[in-house]
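# Breakdown of the fold
Listed below, chain by chain, are the residues.
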Amino acid sequence: MEQTTARRPLLKAVAAGSLVGIAGCTGSADDGAFRFSVPFFPPSLDPLQNDGGWRGREIGILEPLFRINREGGVEPQLVADWSRSDDNLSWEFKLREDIVLHDDSQLNAEAVVFSLDRAFSETASRMSGLPVEGVDAIDDQTVAITTTEPMASLPAQLARPAAGIIHPDSQAEDGSIETQISTGPYQLESYDPSGEIVLTRHDDYYGTTPEIERAVFEQVSDGQTKLLKLQNDELQLAKNLPNSAAAEIRADDSVELHLTEDTSEQIIVFNTDREPLDDVRVRRAILSSIDRQAIIDSVLEGIGSPAYAPWDPETVQWANEGLEPDSYDPDKAAALLTEAGWELDDDGVRYRDGDPLELVLWTYTERPNLPDIATVMQSQLGDTGFDIEVRVTEWSALDEAKSQGNYDMFIGHWGMYNFPDPDTLTNYYDPDQNIIDSPYDNQRVVDLLNEGRATFDDDERKEIYDEIQEIVMQDVPVGFLARQSYVNGTKAGVEGYDPHPRIPELELEDISRS
């Protein structure tokens, strides 16, 4: 059986008492809990740590002030009303009065100020580079945010996981975050950093009351193991299965297939500070050597579509439809390399001044299709004269390498529109704020990114972001490979699972079992 969630056109973006058991695994496959597995188990519960924030929101614990709806727009979640000053530098947010946290306290300005102060100021936060001057409590239910520059993207920024709201008592005496006392439909019962989170229903949740009383998030890194656990009823829901699992699930009446398209892409990031990738001709030759459709047809088994630019015009209104990106053209790739001084030798490898055109292509295991994509790319690039070593590690090893600049290039799966505002391009093309550890630095792009963030008129913003896309597609610090659908599965009898088409949210509160 199969369910497909298609991409939809995006709209314009507009405390003490909670006990977390840091203990061993408390669940088992026959304990009656709803068991599931999603990618990237969080090594920390801190929302500022990427997996801590994303997973907390995905599994229903953590909520920010705003949310991303299923059409891709931004709408209030914990906010009743908000306003902006005439100079566009001051914002006030009135909190809803019907929100109860997991410790039975009412949501108030203290929790919001605590959470957003951390999000905007701590270096570990991906939001720390935003032009926010201060977050202050006006009264118990009103919060003010002051910016140093106008920021049209602020409501969308406040929908990011790092902006998730937690009670100050989530923080231990040493300053670390040891739990997430938040507002979601599920609350934390226990957290085992070696691979299990146990959730219980938040009975005072202001929204849909979950039918599932207890759920267990189990870390299962290997895609095939995850599929076997699903088929054996050791998991009732499994996300991010290998594409090869789709046919097997279709043929198995005991499980149901869910294909979800979103705005995430598989991308290749170049270390533009390293030779020979500091030469744009070499980077363009790499992109012209890659047959994306062949990757879709083989590795991805026809599930997904080729990607050539940051955004798909069919789903993101800010996409520049006039771009002319580098597509598969081996002759063009060969000409670019020859122009750059790389000559093909009898061994099939190109050389310049006696040095071979050797590069290391990194990827990671947590996305099951990436290693196979890297292997196909190795072959395709070899046809053009590159000598490619594929290095597959766990995400943590790659993350450390790229944070230190110790890489040539890597492929990964990234949400190019992971909060619905064009300001998201800052995450990829601003040298001080990008989240991919790219050394790319083009001052014109930085100036335009700042201008776009400060502009509230949509038509003016469109012109700004069109120019940004033109420049970065000429400079190619990042290349685009595929827009892939996610392969997810549930056991037969699981009802209500309808994957969010924009962001990784399970929406467990809507799931039931017959």
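What you see is a predicted model; the values in this text were computed from it and never measured.

Enumeration over the complete set of coordinates arrives at 16 aromatic pairs. Centroid distance Phe-41 to Tyr-191: 6.2 Å. Interplanar angle 10°. Geometry classified as stacked. With Phe-41 in the loop between strand E2 (34-37) and helix H1 (50-58) and Tyr-191 in strand E9 (residues 186-192), the pair connects residues that are 150 residues apart, well separated along the chain. The class for Tyr-191 is buried, based on a relative accessible area of 6%. Ring pairing ties together the aromatic residues Phe-40, Tyr-364, Trp-395, Trp-414 and Tyr-428, which thus form one cluster.

Now for the nonpolar core. In terms of nonpolar packing, the biggest core is built from 70 residues, with Ile-268, Ile-286, Phe-386, Met-409 and Tyr-429 touching the most fellow members. With six residues, helix H13 (residues 458-475) is the single largest residue contributor to this core. Once residues lying within four places of it in the same chain are set aside, the contact partners of Ile-268 are Ile-286, Leu-287, Leu-361, Met-377, Met-409, Phe-410, Ile-411, Pro-477, Val-478, Gly-479 and Leu-481.

Turning our attention to the sheet that holds strand E22 (residues 478-483). Here six strands make up an open sheet; going across it, the order is E15-E22-E14-E21-E19-E20 and the pairing mixed. Of all the strands in the sheet, just strand E15 (305-306) and strand E20 (387-393) have a single pairing partner and so form its edges. One ladder, built from four bridges, connects strand E14 (residues 264-270) with E22; its direction is antiparallel. For Gln-266, the partnering residue across the bridge sits in E22 and is Ala-482. Docked against the sheet, helix H6 (residues 280-289) engages E14, strand E19 (358-364), strand E21 (409-415) and E22, running at close to 140° with respect to E14.

Cis geometry marks the peptide bond from Glu-275 to Pro-276; its omega dihedral reads -5°. Mapped onto the elements, Pro-276 comes out in the loop between E14 and H6. Even without glycine at this site, Asp-437 takes up a positive phi of about 60°. Following the sequence through the fold, Asp-437 ends up in the loop between helix H11 (426-429) and helix H12 (443-453).

Calculation criteria
- Residues numbered from 1 in each chain as written.
- Predicted model: local features only at pLDDT ≥ 70, side-chain atom pairs only at ≥ 80, totals over all residues.
- Heavy atoms only, no water.
- Phe/Tyr/Trp six-rings, centres within 6.5 Å; stacked < 30°, edge-to-face > 60°.
- Helix = DSSP H or I, 4+ residues; strand = E, 2+ residues; numbered from the N terminus.
- Buried < 20%, exposed > 50% of the residue type's maximum accessible area, 1.4 Å probe, protein only.
- Core = buried A, V, L, I, M, F, W, Y, C linked by side-chain atoms within 4.5 Å.
- Contact = heavy atoms within 4.5 Å.
- Pairing = 2+ DSSP bridges.
- Axes fitted to C-alpha atoms, helices over the stretch in contact; angles between N-to-C directions.

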